[in-house]
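Given next are the chains, with one letter for each unit.
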2 protein chains.
Amino acid sequence: MALRAGDHSQAAMNGLKEKVLTLDTMNPCVKRVEYAVRGPIVLRALELEQELRQGVKKPFTEVIRANIGDAHAMGQKPITFLRQVLALCVHPDLLNSPDFPEDAKRRAESILKSCGGHSLGAYSVSSGIQLIREDVARYIQGRDGGIPADPNNIFLSTGASDAIVTVLKLLVAGEGRTRTGVLIPIPQYPLYSAALAELNVVQVDYYLDEERTWALDVAELRRALLKAREHCCPRALCIINPGNPTGQVQTRECIEAVIRFAFEERLFLMADEVYQDNVYAEGSQFHSFKKVLMEMGPPYAVQQELASFHSVSKGYMGECGFRGGYVEVVNLDAAVQQQMQKLMSVRLCPPLPGQVLLHTVVSPPAPSDPSFTQFQAERRAVLAELAAKAKLTEQVFNEAPGIHCNPVQGAMYSFPRIELPPRAVQRAQELGVAPDMFFCLSLLEETGICVVPGSGFGQREGTYHFRMTILPAVEKLRPLLEKLSQFHAKFTREYS
Amino acid sequence: MALRAGDHSQAAMNGLKEKVLTLDTMNPCVKRVEYAVRGPIVLRALELEQELRQGVKKPFTEVIRANIGDAHAMGQKPITFLRQVLALCVHPDLLNSPDFPEDAKRRAESILKSCGGHSLGAYSVSSGIQLIREDVARYIQGRDGGIPADPNNIFLSTGASDAIVTVLKLLVAGEGRTRTGVLIPIPQYPLYSAALAELNVVQVDYYLDEERTWALDVAELRRALLKAREHCCPRALCIINPGNPTGQVQTRECIEAVIRFAFEERLFLMADEVYQDNVYAEGSQFHSFKKVLMEMGPPYAVQQELASFHSVSKGYMGECGFRGGYVEVVNLDAAVQQQMQKLMSVRLCPPLPGQVLLHTVVSPPAPSDPSFTQFQAERRAVLAELAAKAKLTEQVFNEAPGIHCNPVQGAMYSFPRIELPPRAVQRAQELGVAPDMFFCLSLLEETGICVVPGSGFGQREGTYHFRMTILPAVEKLRPLLEKLSQFHAKFTREYS
């Protein structure tokens, strides 16, 4: 251990040294990462909240965070059954309490039996508790009209984001023209662009067709693919259905066409289906990629590689804070699947409370269970309110001149196009910000409404949008939408 | 959406296509990842458990998982206060229950007030709930004799692993001779080698001195550094204190010397201090790198970059399944710290239940609180038992010929050196496995005891070790240690 005297004195006398880690020496891929949903506009919203608390006068009394799909933060109450089961698992003394229904207790007991030492404090196997993976498989099978799901193909995760990044990691390879490219929709949920930037994978944009309710067109996929092949090696295609931020629900025909395209072009399919319970529009229905793929039969059903993602953060439960989710892989090469398992094992296991909530979501109370009636009532109330808010949002925005809002068929967001006067665009350019960022920042400063500019999700050049959640309580939502529309009108006048 | 007929028929007729993702085309860095703690030996243990359940006859009746630091799985009971606070947060109806102490209720109420919508189901800010980061700062300040900690330098995480990987990610840069290298101890906790492999960073080994209770020697650090500089750019130095798998507790002098070395050589310091509450040996004491760094004064205290990691998975609480932890960064470049914050925001937030447990760990009941007496009794009982088991392990192993075990001064593992007869080494080579893997697999097959071979952690060539946790219940541990020692004697005879 002995250090010779004088070894370090020279260094110590030299005065200030440069840091090891600076913007110039840090990971350049990390520097390229952007994540608009929690970007500069949200940091400004935080500051404004602090200023309000300190008594600074503002033209509004509260900041409304319509930037992120965080249902509980907007006042949605947890589903009682979910929390009862989890509380029992966390503190098993409660199993003796008369205040908990028998079915919740049975659930908690069976989960605890599957845990090391009968405690949520033990690690689970890295892919998640076996019992819960079996529940997920049964859920998928039920959802997909009896098409079987194999618990060994299901990996629980720390929210869907974790699973998405894990699958993307497997795909990283090559350099220069052989570097992996991944096709993602534009507009997209910025987890994708952020993860691709971090992993140094080429982002290949395909555009959704705003004029046709953000439809996905195979001709556009092909255009994007052929162009990308000039400079990289596209190997995967990401689909978000129902769409985030765009809210469209894909038709069965569309999904079939996408699967055929992926099969022909040898693309690994990644289906982000975290909003599968959030479908509101009449005539819209959720079709899982897994079901459509299997129903298409061979060669698709037996060869096309697919990963499908789900989460406890959205749906009717909105339990974002628990970070629970899963991925089901289909037709994955067995050796690659082993590698995926190994990779996940390095992080030990997904958080157990999220696994427990996932269990309750994929196997909710049955009609004969004591908790059934309350559970159904709570679930239906949330979904009915979301449907009403989706409709209201579309309505109010489309009454406003210069705002064009596609139907919110599913998910939790509207993504209206806004007209911005040339002088506003010019002013934004002078300030060095995107024009819709300029609009959203102005909106925030003047009204306290926090929405995310379309430039954070991607959009056709020269068009401007913002993403706003439909989550604010229904009595708040109408005035909010009207306030926003009025602000847009005022902003337009100001810069005309 | 229309797909021209015939577009895909050709492809569909071609019959079997190669998968997009195969071992040949997948991420080569992921392929290189190894994680012994959950590696082949653990997969075999799982199989054996299944065989036992199916009634297959074995020379043992249960598999004993001494491979991983998972206290609850080995029968340790959760600390009551921790689980009470968490249950109240999960299911706030319980705030009306007379069965919970007032101080647990107060805690839960203050945490819920800091959550969006007063629910654990809301996302927190990406660095974790502000209130809890303030608690962590106060805890650090108390631990470090009043040296202040800034909540803005504290980032909560999904277990310590998550935070460690995040910091390593920042350091990735360069190619060829400028590629980042990171110094890690050998033996090491294999999260480090796994993360470096995945990130394509050069692993630079420095050896701990087994003859001097796994001491860290600056001369050895220098040797490793100079050699590494011939082929890469070493930029960070990882220290695990108390040691995993080696159980040593570093002296204050050693830590000072390491800090001077890092400062001179411009290395970013990463201090893995997750076992800071697990110090058992008389005369051993935990010194945090932060405290020593600050007490060394300028230039070290104001310039040396340091990240220190902690977790709720170890200590007296052992709450691994909740995946809670934090990193404190010191002297980080402000712009880099912003980049780190941004990177973390992509994963939204660490799981809230882990954040809650961290809160209770860093601010346990005060002497005047109703829960104090029980909390203290439970905490002390766990730590006293661990200390006894550390002592017992060292004793029993050192009585066995051919097994040499350093004192388990801290952490949760023994890492004894075992002599293996040349014929056993030769037999292992014939089978294509490391000799200590051969020993551990034979041990598992014959006794049901699951320990991890030293080759999974790294060791000096020609030496053989295994890591075994000290966690089995005390009444089980002695027979277990004796059984293992006897097996080693038998194995040695067999191959002599």
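Because the structure is a prediction, the values reported are computed rather than measured.

Thresholds applied
Residues numbered from 1 in each chain as written. Chains lettered and ligands numbered in written order. Predicted model: local features only at pLDDT ≥ 70, side-chain atom pairs only at ≥ 80, totals over all residues. Heavy atoms only, no water. Axes fitted to C-alpha atoms, helices over the stretch in contact; angles between N-to-C directions. Helix = DSSP H or I, 4+ residues; strand = E, 2+ residues; numbered from the N terminus. Parallel < 35°, antiparallel > 145°, perpendicular 65-115°, else oblique. Left-handed = near helix turned anticlockwise from the far one by under 90°. Contact = heavy atoms within 4.5 Å. Nonpolar A, V, L, I, M, F, W, Y, C, P; charged D, E, K, R; others polar. Buried < 20%, exposed > 50% of the residue type's maximum accessible area, 1.4 Å probe, protein only. Domains from an automatic or database assignment. Buried area = accessible area lost by both parts, 1.4 Å probe. Salt bridge = Lys/Arg side-chain N within 4 Å of Asp/Glu carboxyl O. Least-squares fit on C-alpha atoms with pLDDT ≥ 70 in both. pLDDT = per-residue confidence, 0-100. UniProt positions renumbered as here; feature names shortened; annotations may be inferred. Pairing = 2+ DSSP bridges. Polar contact = N/O pair within 3.5 Å; in protein donor to acceptor, adjacent residues only side chain to side chain. Expected span 1.5 Å × (residues − 1). Arc of directions from axis to C-beta. 1 Å grid on protein atoms, 1.4 Å probe; cavity = no way out; pocket = protein on both sides within 12 Å on 5 of 7 lines; lining within 4 Å. Points joined across faces, edges and corners; volume = space filled by probe spheres on them.

Caption draft 1: Quick peek at the packing of helix α6 (residues 130–143) of chain A against helix α14 (residues 352–362) of chain A. Residue and element names in this part refer to chain A. At a closest axis distance of 9 Å, the pairing of α6 and α14 adopts a crossing angle of 30°. One way to sum up the angle between α6 and α14 is to call them roughly parallel. At the point where α6 passes α14, the crossing takes the left-handed sense. Contact residues: α6 offers I132, D135, V136 and Y139, while α14 offers Q355, V356, L358, H359 and V362. Of the residues that constitute the contact of α6 with α14, the class distribution is six nonpolar, two polar and one charged.

Caption draft 2: Region of interest: unusual backbone geometry. A cis amide bond links A:I186 with the next residue in sequence, A:P187, at an omega value of 0°. The topology assignment puts A:P187 in the loop between β3 (180–186) and α8 (191–199). The amide bond that connects B:N241 to the next residue, B:P242, takes the cis arrangement and shows omega of -10°. As for its placement among the helices and strands, B:P242 is situated in the loop between β5 (233–240) and α10 (252–265). The phi dihedral of A:L348 is positive, around 75°, even though this residue is not glycine. Along the chain, the position of A:L348 falls in the loop between α13 (334–345) and α14. For A:L348, a relative accessible area of 3% gives the class buried.

Caption draft 3: A look at the domain arrangement of chain A. All names here are of chain A. With domains assigned, chain A is organised as domain 1 (29–75 + 376–494) and domain 2 (123–362). Taking only C-alpha atoms into account, the centre of domain 1 sits 27 Å from that of domain 2. On the side of domain 2, 39 residues touch domain 1, which itself brings 36 residues to the contact. Where domain 1 abuts domain 2, roughly 3,100 Å² becomes buried across the two surfaces, and 56% of that area is made up of carbon and sulfur atoms. Taken together, the links from domain 1 to domain 2 amount to two salt bridges.

Caption draft 4: Looking closely at the relation of the copies chain B and chain A. Turning chain B through 180° and shifting it by 0.0 Å along the axis lays it on chain A, with an RMSD of 0.0 Å. Interpreted geometrically, this transformation is the action of a two-fold axis. Residue B:A87 of chain B places its C-alpha closer to the rotation axis than any other residue of that unit, at 2.5 Å. Both copies share a contact surface, since 99% of the interface residues of chain B are interface residues in chain A too.

Caption draft 5: Structural context of the confidence of the model for chain A. Per-residue pLDDT for chain A averages 94, and the proportion of residues at 70 or more is 97%. Ignoring residues within four places in sequence, the model shows residues 1–13 of chain A, a span with pLDDT below 50, making 21 contacts including any to other chains.

Caption draft 6: Geometry of the UniProt feature "domain: Aminotransferase class I/classII large" (unreviewed entry) in chain A. UniProt records the feature "domain: Aminotransferase class I/classII large" (unreviewed entry) for residues 117–482 of chain A in the present numbering. Along residues 117–482 of chain A the backbone is 43% helical and 15% strand, and the end-to-end C-alpha distance reaches 55 Å.

Caption draft 7: Structural detail: the packing of helix α15 (residues 372–399) of chain A against helix α18 (residues 474–494) of chain A. All names here are of chain A. Where α15 contacts α18, the axes come no closer than 10 Å and their chain directions differ by 20°. When the axis of α15 is compared with that of α18, the two are roughly parallel. Taken as a pair, α15 and α18 cross one another with a handedness that is right-handed. Facing E385, K389, L392, T393, Q395, V396 and F397 of α15, the residues of α18 in contact are V474, L477, R478, L481, E482, L484 and S485. Residues of the contact of α15 with α18, tallied by class, amount to seven nonpolar, three polar and four charged.

Caption draft 8: Up close: the sheet that holds strand β13 (residues 452–453) of chain B. Residues and elements named next belong to chain B. The strand order across the open sheet built from three strands is β10-β14-β13, with neighbouring strands paired in antiparallel fashion. Either end of the sheet is taken by a strand with one partner, and the two such strands are β10 (413–414) and β13. Here two bridges tie β13 to strand β14 (residues 466–469), and the two strands are oriented antiparallel to one another. Looking at the pairing, P453 lines up with F466 of β14.

Caption draft 9: Examining the interface of chain B and chain A more closely. Contacts between the two partners involve 110 residues from chain B, matched on the other side by 110 residues from chain A. In this structure, the connection of chain B to chain A is made through four salt bridges. One salt bridge in this structure joins B:R347 and A:D162, with 3.9 Å as the shortest N-O distance. Linking chain B with chain A are 46 residue pairs in polar contact (both at pLDDT 80 or more), by the criterion used here. Looking at which element gives the most residues to the side of chain B that touches chain A, the answer is helix α4 (residues 80–90) of chain B, with seven residues. Here the residues of the side of chain B that touches chain A are counted per class, giving 58 nonpolar, 25 polar and 27 charged.

Caption draft 10: Seen up close, helix α13 (residues 334–345) of chain B. Over its 12 residues, α13(B) runs 17 Å from end to end, which matches the ideal 16 Å to within 8%, given 1.5 Å per residue. Burial in α13(B) covers these residues: B:V336, B:Q337, B:Q339, B:M340, B:K342, B:L343, B:M344 and B:S345. Against the buried residues of α13(B) lie α2 (28–32) and α8 of chain A together with β2 (154–157), α7 (159–171) and β8 (325–330) of chain B. By the N-cap criterion, in which a side-chain oxygen at the helix start approaches the backbone nitrogen of a residue two or three places on, α13(B) is capped by B:D333, the distance to B:A335 being 3.1 Å.

Caption draft 11: Spatial organisation of the pairing of strand β2 (residues 154–157) of chain A. All names here are of chain A. Because side chains alternate across β2, one face comprises the buried residues I154 and L156, and the other comprises F155 and S157, equally buried. Here β2 pairs with strand β8 (residues 325–330) via four bridges, running antiparallel. Considered in β8, the bridge of L156 is made with Y326.

Caption draft 12: Examining the pairing of β8(A) more closely. Residue and element names in this part refer to chain A. Taken across its six residues, β8 has six buried, putting it largely inside the fold. Residues G325, V327 and V329 of β8 are buried on one face, and the alternating residues Y326, E328 and V330, pointing to the opposite face, are buried as well. With six bridges joining them, strand β7 (residues 306–311) and β8 adopt antiparallel strand pairing. For H310, the partnering residue across the bridge sits in β8 and is Y326.

Caption draft 13: Summary view of helix α16 (residues 422–431) of chain B. Residues and elements named next belong to chain B. When we look at burial in α16, the residues that qualify are A424, V425 and A428. Buried residues along α16 cover an arc of 100° about the axis, so they all sit on one side. Residues of α16 that are exposed and point more than 90 degrees away from the buried face comprise P422, Q429 and E430. In the core, the buried residues of α16 are packed alongside α17 (435–447) and α18 (474–494). Phi turns positive, to about 75°, at G432, one or two residues after α16.

Caption draft 14: Empty space enclosed by the protein, seen in detail. All chains considered together, the criterion is met by eight cavities of 30 Å³ or more. Of all elements in the fold, only β2, α7 (159–171), α8 and α13 of chain A together with β2, α7, α8 (191–199) and α13 of chain B reach the threshold of two or more residues within the lining of the largest cavity. No other element matches α7(A), which puts five residues into the lining of the largest cavity. Partitioning the lining of the largest cavity into residue classes produces 20 nonpolar, nine polar and 10 charged.

Caption draft 15: View of the sheet that holds strand β5 (residues 233–240) of chain A. All names here are of chain A. Judged by pairing direction, the sheet is mixed, and its seven strands sit side by side in the order β2-β8-β7-β6-β5-β3-β4 without closing on themselves. The sheet is open, and its two edges are formed by β2 and β4 (202–207), each paired on a single side. Pairs of neighbouring strands in the sheet enclose a mean axial angle of 25°, with direction left out of account. This element, α6, spans β2, β7 and β8 of the sheet and lies at about 115° to β2. Strand contacts of helix α9 (residues 218–229): β3, β4 and β5, with the helix running at about 150° to β4, the strand carrying the most contacts.

Caption draft 16: Representation of the side chain of A:K169 within the structure. Within the fold, A:K169 resides in helix α7. Here A:K169 falls in the buried class, since its relative accessible area comes to 11%. A polar side-chain atom of A:K169 sits 2.7 Å from a polar atom in the side chain of B:E198. Each residue touching A:K169, except ones within four places of it in the same chain, is listed here: A:L199, A:L343, B:N27, B:V30 and B:E198.

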